[in-house]
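A look at the structure
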Amino acid sequence: MPIKIRVPERYAPSLAEFVQLPPAKIAELLASLREERPTLEVEELVQSIAGRLALDAGKVRELLLLLSSLVSTRESYGAGVDEFVEALRSAMEATGNDELRPTDWAAFEHAIGEAVSSDSAVSLSFKAIDLLNDHQRTFWYARALTDLRPIFRAEVTEQPAAMVVVHTLKLGYREGDATHELFVAMDSIDVQGLITILERALSKEKSLRTLAGQKQLSLLEIKS
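Below is a summary of the structure that appears in this document. (Residues numbered from 1 in each chain as written. Predicted model: local features only at pLDDT ≥ 70, side-chain atom pairs only at ≥ 80, totals over all residues. Heavy atoms only, no water.)

Comments concerning the packing of helix α2 (residues 23-35) against helix α3 (residues 42-53)
Geometry of a packed helix pair, given as the angle between the helix axes and the separation of the axes. Interhelical geometry of α2 versus α3 gives an angle of 145 degrees and a closest axis separation of 10 Å. For the crossing formed where α2 meets α3, the hand is right-handed. Along the contact surface, α2 presents Lys25, Glu28, Leu29, Ala31, Ser32, Leu33 and Glu35, while α3 presents Ile49, Arg52 and Leu53. Of the residues belonging to the contact of α2 with α3, the class tally is five nonpolar, one polar and four charged. (Axes fitted to C-alpha atoms, helices over the stretch in contact; angles between N-to-C directions. Helix = DSSP H or I, 4+ residues; strand = E, 2+ residues; numbered from the N terminus. Left-handed = near helix turned anticlockwise from the far one by under 90°. Contact = heavy atoms within 4.5 Å. Nonpolar A, V, L, I, M, F, W, Y, C, P; charged D, E, K, R; others polar.)

Set out below in structure tokens:
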């Protein structure tokens, strides 16, 4: 059964922008998508393509978000490129919006088909970002608070009998569009245990980096 999709209002202006691009600009955009390397730094991808196409970075950003959305929709349906492009054309025609009617449907279908292929820089970049953030909660920041807490005698007006060191790990995390904070009390042994666990995580990462290099796999990273 043919798939049925609709043009989200959110992306209609960007799709109209794509439709109205001159053939030379579309060719340059497709060349950029073929030649750019996948990255987690989407803004770098935006600036690079904007520079090559001599287009406003904001428009390029919206175009890339549009293409990412189209790729995601196509893959969610498990549709081939040709099938999806046909469904997209039907959705565009159904809007009745003249800005979504290319003068040359064949050229548009070829261009959009190449743009939503699974191996484009946009597709792989946004897929990597989705994979990186596909968790219920993601790390935001951490802070360690350390203080001394007194152990008072029976008579609290007297000098404390002793002190204990308490570490509080303050974790900030994101859940959906919201941010939260969590406070966890720790002693010195807990802190050292956490350090050991994190050092072990870095050792595992080093092993995986070696494997990626041996397999000649690109390692996408967010720059600090």
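That shown, we press on.
Some words on the packing of aromatic side chains
Going through the model one piece at a time under the given rule, you end up with three aromatic pairs. With a centroid separation of 6.0 Å and an interplanar angle of 80 degrees, the aromatic rings of phenylalanine 18 and phenylalanine 108 are classed as edge-to-face. Taken as a pair, phenylalanine 18 in helix α1 (residues 12-19) and phenylalanine 108 in helix α6 (residues 105-115) lie far apart in primary sequence, 90 residues in all. Comparing phenylalanine 18 with phenylalanine 108 shows no difference in burial state: the two are buried. Centre to centre, the rings of tryptophan 140 and tyrosine 141 are 4.9 Å apart; their planes meet at 85 degrees, and the pair counts as edge-to-face. Here the aromatic cluster, defined as three or more aromatic residues joined through ring pairs, consists of Phe18, Trp105 and Phe108. (Phe/Tyr/Trp six-rings, centres within 6.5 Å; stacked < 30°, edge-to-face > 60°. Buried < 20%, exposed > 50% of the residue type's maximum accessible area, 1.4 Å probe, protein only.)

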